[in-house]
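These are the residues of each chain, in order.
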Amino acid sequence: MADYLTGRLPGDSRGPPDSGDTSSSQNREAVERHMNFARNLRIQTHIVEAADVPRAITEFARAQRITQIFMGRSQPPPWWQRLRYTIVQQVVRQARDMQITIVAERRDKA
């Protein structure tokens, strides 16, 4: 895909390391599967760890001269955080000079 788009794509961006609970280890395993999938497609991947994930994504993209960012949809926030911007919304606001593509999760027809 990177060859097709003639550019370099960041593979992952995540917050600071977690405490090691079960859900974070499952998330880490899922991220590793996705990263390996991208590497098998010969997509250049990077892991960026930061407390301010949206800022890290946009700063990394600008430093690498990336013009397109593909992101998955954010999970819906809990009801008490509904007024906060999601990570995707924050990236869109901070990266107005880039094309942001938000990819929705496919749902099975069951």
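Refer to the preceding data block for the structure.
Calculation rules
- Residues numbered from 1 in each chain as written.
- Predicted model: local features only at pLDDT ≥ 70, side-chain atom pairs only at ≥ 80, totals over all residues.
- Heavy atoms only, no water.
- Helix = DSSP H or I, 4+ residues; strand = E, 2+ residues; numbered from the N terminus.
- Buried < 20%, exposed > 50% of the residue type's maximum accessible area, 1.4 Å probe, protein only.
- Contact = heavy atoms within 4.5 Å.
- Areas by Shrake-Rupley, 256 points an atom, 1.4 Å probe, with all protein chains shown as cover.
- Core = buried A, V, L, I, M, F, W, Y, C linked by side-chain atoms within 4.5 Å.
- Axes fitted to C-alpha atoms, helices over the stretch in contact; angles between N-to-C directions.
- Parallel < 35°, antiparallel > 145°, perpendicular 65-115°, else oblique.
- Left-handed = near helix turned anticlockwise from the far one by under 90°.
- Nonpolar A, V, L, I, M, F, W, Y, C, P; charged D, E, K, R; others polar.

Draft legend 1. Summary view of the overall build of the chain. A tally of helices and strands in the chain yields four helices and four strands. N-terminal to C-terminal, the α/β element order of the chain is α-β-α-β-α-β-α-β. In the chain, buried positions account for 23% of the 110 residues. Taking as baseline every contact in the chain between residues at least 6 positions apart, the subset at least 24 positions apart corresponds to 65%. With an accessible surface of roughly 8800 Å², the chain has 49% of that area assigned to carbon and sulfur atoms.

Draft legend 2. Representation of the environment of P76 in the model. Here P76 shows up in the loop between β3 (68-72) and α4 (87-94). On the accessibility criterion, P76 (57% relative accessible area) is exposed. Linking P76 and T86, residues 10 residues apart in sequence, is a C-alpha distance of 8.2 Å.

Draft legend 3. Inspection of the nonpolar core at higher detail. Counting 14 residues, the largest nonpolar core has I57, A61, I66, I69, M71, V91 and M98 as the members making the most contacts within it. Sort the elements by how many residues they give to this core and helix α3 (residues 53-63) lands first, with five residues. If we skip the residues at most four places from it in the chain, V91 touches P54, I57, T58, I69, M71 and I100.

Draft legend 4. Fine view of the packing of α3 against α4. The N-to-C vectors of α3 and α4 enclose an angle of 40 degrees; their axes lie 8 Å apart at closest approach. The angle between α3 and α4 places the two elements in the oblique class. Read as a crossing pair, α3 and α4 show a hand that is right-handed. Seen from α3, the contacting residues are V53, P54, R55, I57, T58 and R62; seen from α4, they are I87, Q90, V91 and Q94. For the contact of α3 with α4, the class distribution of residues is five nonpolar, three polar and two charged.

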